[in-house]
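# Structure at a glance
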Amino acid sequence: MKIREAKFEDFEKIKELCVRNNLKVNKINKEVWQNFPKSNEFENVPIGWVLENNEKNIVGVILNLYMNYILNDKTYKAAVVSTWAVDGNYRNESMNLIFKWIYQKNVDLLVDNRRSKRSSKILKSFKFKNVPTKDYEKTLYWVLCYRGFVKSAIKKKLKIHVGPLCVIPAIILKFYDLIMNRNKNYNLNKKTIEIESFDKKFDLFWNNLPKNNKFMAERDSSSLEWHFSRGIKKKRISVLALFEENNLKGYIAIMRSDNKDIGLKRMQIVDFQTLSNDVESTNNLLANAIMYAQKEKAHILELTGFGKNIREQALKTNPYVRTLSYSPFFYKIMSEKLKNVISDDIEWDASLFDGDGSLDAID
C-alpha cells in the first residue's frame, strides 16, 4: 500500500473510484485547480493524495482545493477538503488519507464545511473548531411551493409517495403561513439584474467592501469568476446584482441544489454581500432571490450561515428554521502568522461560499 500526491492524470481513475463508491460523478473538473487565479501562490500545495494498492491501482483519494482569505489587508492561504473516497476492502486506510490533509504544510488554514455528525467528532479530536459564525447549524428557509414541499417532506419522514393526497396538507400549511405572516415582511422596490460574468465593477465593489477586522474569502472579479462561472454556464448558479446609478451596491448568489431522493426542488443562498449592510439593499436582494427561486419553480429557498445583519433581516420575514444537532463547518489554523492575528474580535461570516459546495469541482 502506498499514499502519494495526486496528479491531474489521475483524475479519470479517481472518477472511476468515486463511481464505484456510489458518488454521483460524471467528471472531475481539473480546470478548477488549473484556473485558480492565484495558483502560483499554491505551487507547493498538492491537489490531493491517492491511495494505491500493491498493483498500483488507485483505491482511495482525498482532494485539496485552494482559497485565499483576507484579514486586514493580509492574504492567507486555505486548503479546502474535497472528495474523500476509499474502496471497501481498503477502508482501514481511510484515516491515513485524511492525515495527509490534516498534517499538510504550506497553508495557513484548513477548511471543511460538509461534515456529518460522525466525521465531525473525528475533526474535533484533531482540534478543529467550529466556524465562529453564530447559528451556522441553523438553516433558514422559505417555502415557495407548498404542494411540492409537503410531498417531499412526507416522502422523507414516512418513506411513502403520497401523490395528489398532499394537496390538503399543502393548503393547510399555506393557510397557516398566511396567518403567521410568513414571506411578507420584505420590500421589493428595486429589481436586480442577473449577471453572467464579473467585470471591473466587482473589483471596485470588493475594494470598497468593509473588511476591517473581518476574515473573508477573496471576492475580487477573478475569484468570483473562478468560483461561479461553471455553475452559471450550467444554469446551476444565478447571481443577482443590485445597481444604483450604474454602481454595484450588492449581489446575491443562489444555487440549485435539489434533493432528488425525496423530490425536493431546492435553491440555496451561497453568497450575499452589500457595501454598507444597509437594510434596504439587504431586503431588496433577499426579496429578489425569493422571487427568482419561485420563478424557477423551487419548492424552498435556504440560507445557511452569514452574519448578524443578513440573518436579522432574513428573520424579519418569519422563515422556517431547521436546526442540525451539530455544526457542519470546521476549520483549523495551521500557521503562526494567522494564529497571532485571529482573536474574538475578528468576524467570520461564513457561508456556503467557504468550501467546495458551490465550486463544481465534481459533476
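Residues numbered from 1 in each chain as written. Predicted model: local features only at pLDDT ≥ 70, side-chain atom pairs only at ≥ 80, totals over all residues. Heavy atoms only, no water.

### Some details on the overall build of the protein
Looking only at helices and strands, the protein has eleven helices and 15 strands in total. Relative to the globule expectation of 21 Å for 363 residues, the C-alpha radius of gyration of the protein, 21 Å, shows essentially globular dimensions. Along the first, second and third principal axes, the C-alpha atoms of the protein reach 65 × 50 × 35 Å. Across the 363 residues that make up the protein, the buried fraction comes to 54%. Counting contacts in the protein only where the partners sit at least 6 residues apart, residues at least 24 apart contribute 74% of the total. In the form shown here, the protein has an accessible surface area of approximately 18000 Å², with 49% of it arising from carbon and sulfur atoms. Between the centroid of the 61 positive side chains of the protein and the centroid of its 44 negative side chains there is a distance of 6 Å. (Helix = DSSP H or I, 4+ residues; strand = E, 2+ residues; numbered from the N terminus. Rg over C-alpha atoms; globule rule 2.2 N^0.38 Å. Buried < 20%, exposed > 50% of the residue type's maximum accessible area, 1.4 Å probe, protein only. Contact = heavy atoms within 4.5 Å. Areas by Shrake-Rupley, 256 points an atom, 1.4 Å probe, with all protein chains shown as cover. Lys, Arg positive; Asp, Glu negative; His and termini not counted. Charge placed at Lys NZ, Arg CZ, Asp CG, Glu CD.)

### So, the sheet that holds strand β7 (residues 138-143)
Strand order across the open sheet formed by seven strands is β8-β10-β11-β12-β13-β7-β14, with mixed pairing between neighbours. The sheet is open, and its two edges are formed by β8 (193-195) and β14 (320-323), each paired on a single side. Each neighbouring strand pair of the sheet contributes to a mean axis angle of 30 degrees, computed without reference to strand direction. Sheet topology note: the strand β10 (residues 237-244)/strand β11 (residues 247-256) ladder contains eight bridges and is antiparallel. In the sheet register, L240 faces β11, and the bridge partner there is I252. Along the sheet, helix α8 (residues 221-233) makes contact with β8, β10, β11 and β12 (266-274), crossing β10 at roughly 120 degrees. (Pairing = 2+ DSSP bridges. Axes fitted to C-alpha atoms, helices over the stretch in contact; angles between N-to-C directions.)

### Focus: the pattern of salt bridges
If the charged atoms of two oppositely charged side chains come close together, the side chains can form a pair. Evaluation of the coordinates by the stated rule reveals 17 salt bridges. Residue D177 pairs with R182 through a salt bridge whose shortest N-O separation is 2.9 Å. The exposure class of R182 is buried, given its relative accessible area of 12%. Salt-bridge contacts for R322 lead to E302; the nearest nitrogen and oxygen are separated by 3.1 Å. (Salt bridge = Lys/Arg side-chain N within 4 Å of Asp/Glu carboxyl O.)

### Digging into the environment of I160
Position of I160 among the secondary structure elements: in the loop between α5 (146-158) and α6 (167-180). Given a relative accessible area of 41%, I160 falls into the partly exposed group. The spacing of I160 and N64 is 96 residues in sequence and 39 Å in space, taken between C-alpha atoms. When neighbours within four sequence positions are excluded, I160 is seen to be in contact with I154 and K155.

### Looking at unusual backbone geometry
One non-glycine residue, N106, adopts positive backbone phi at about 70 degrees. Relative to the helices and strands, N106 is located in the loop between α3 (94-102) and β5 (109-112).

### Looking at the nonpolar core
Counting 81 residues, the largest nonpolar core has W33, W101, L109, F228 and W348 as the members making the most contacts within it. Per-element accounting of this core gives the leading share, eleven residues, to strand β3 (residues 58-71). For L109, the contacting residues outside a window of four places in its chain are Y69, K77, A78, A79, F215, Y331, K332, I333, M334, L338 and W348. By size, the runner-up hydrophobic cluster in this structure holds 22 residues, among which are I252, I254, A293 and A314. (Core = buried A, V, L, I, M, F, W, Y, C linked by side-chain atoms within 4.5 Å.)

### A word on α3
Those residues of α3 lying buried are S94, L97, I98, W101 and I102. Taken end-on, α3 shows its buried residues confined to a sector of 140 degrees, consistent with a single buried face. Contacts from the buried residues of α3 go to β1 (2-5), β2 (48-52), β3, β4 (74-86), β5 and β15 (330-333). (Arc of directions from axis to C-beta.)

### Section: the packing of α5 against α6
Think of two packed helices as two axes; the pair is described by the angle between the axes and how far apart they sit. In contact at an axis separation of 8 Å, α5 and α6 are set at 120 degrees when each is read in the N-to-C sense. Here α5 lies oblique to α6, going by the angle between them. Two packed elements cross with a definite hand, and for α5 against α6 that hand is right-handed. Only V167, P169, A170, L173, K174 and D177 of α6 make contact with α5, whose side of the interface consists of Y146, R147, F149 and V150. Classifying every residue of the contact of α5 with α6 gives seven nonpolar, no polar and three charged. (Parallel < 35°, antiparallel > 145°, perpendicular 65-115°, else oblique. Left-handed = near helix turned anticlockwise from the far one by under 90°. Nonpolar A, V, L, I, M, F, W, Y, C, P; charged D, E, K, R; others polar.)

### Structural notes on the side chain of T192
With respect to the helices, strands and loops of the structure, T192 is situated in the loop between α6 and β8. You can call T192 buried: its relative accessible area is 17%. If near-sequence neighbours (up to four positions away) are discounted, T192 is found in contact with L240, A241, L242, L285 and N288.

### With respect to the packing of aromatic side chains
Here the structure, examined in full by the defined rule, presents 24 aromatic pairs. Each residue in the set Y69, Y136, F215, F329, Y331 and W348 is aromatic and connected to the rest through ring pairs, giving one cluster. Above the plane of the ring of Y320 lies R182, whose end atom (NZ or CZ) is 3.8 Å from the centre. The ring of W206 carries the charged tip of K211 above its face, separated from the ring centre by 4.5 Å. (Phe/Tyr/Trp six-rings, centres within 6.5 Å; stacked < 30°, edge-to-face > 60°. Lys NZ or Arg CZ within 6 Å of the ring centre and 35° of its normal.)

### Structural notes on the state of the cysteines
Note on terminology: a disulfide is the covalent bond linking the sulfur atoms of two cysteines. According to the stated counting rule, one finds zero disulfides in the structure shown. C166 supplies the cysteine sulfur nearest to C145, a cysteine that is in no disulfide, at a spacing of 8.6 Å. Owing to a relative accessible area of 29%, C145 belongs among the partly exposed residues under this scheme. (Disulfide = S-S within 2.5 Å.)

### Looking at the confidence of the model for the protein
Summary statistics for the protein give a mean pLDDT of 91 and a share of 99% for residues scoring 70 or more. When the elements of the protein are averaged for pLDDT, helix α4 (residues 117-125) gives the smallest value, 83, and strand β13 (residues 300-304) the largest, 97. (pLDDT = per-residue confidence, 0-100.)

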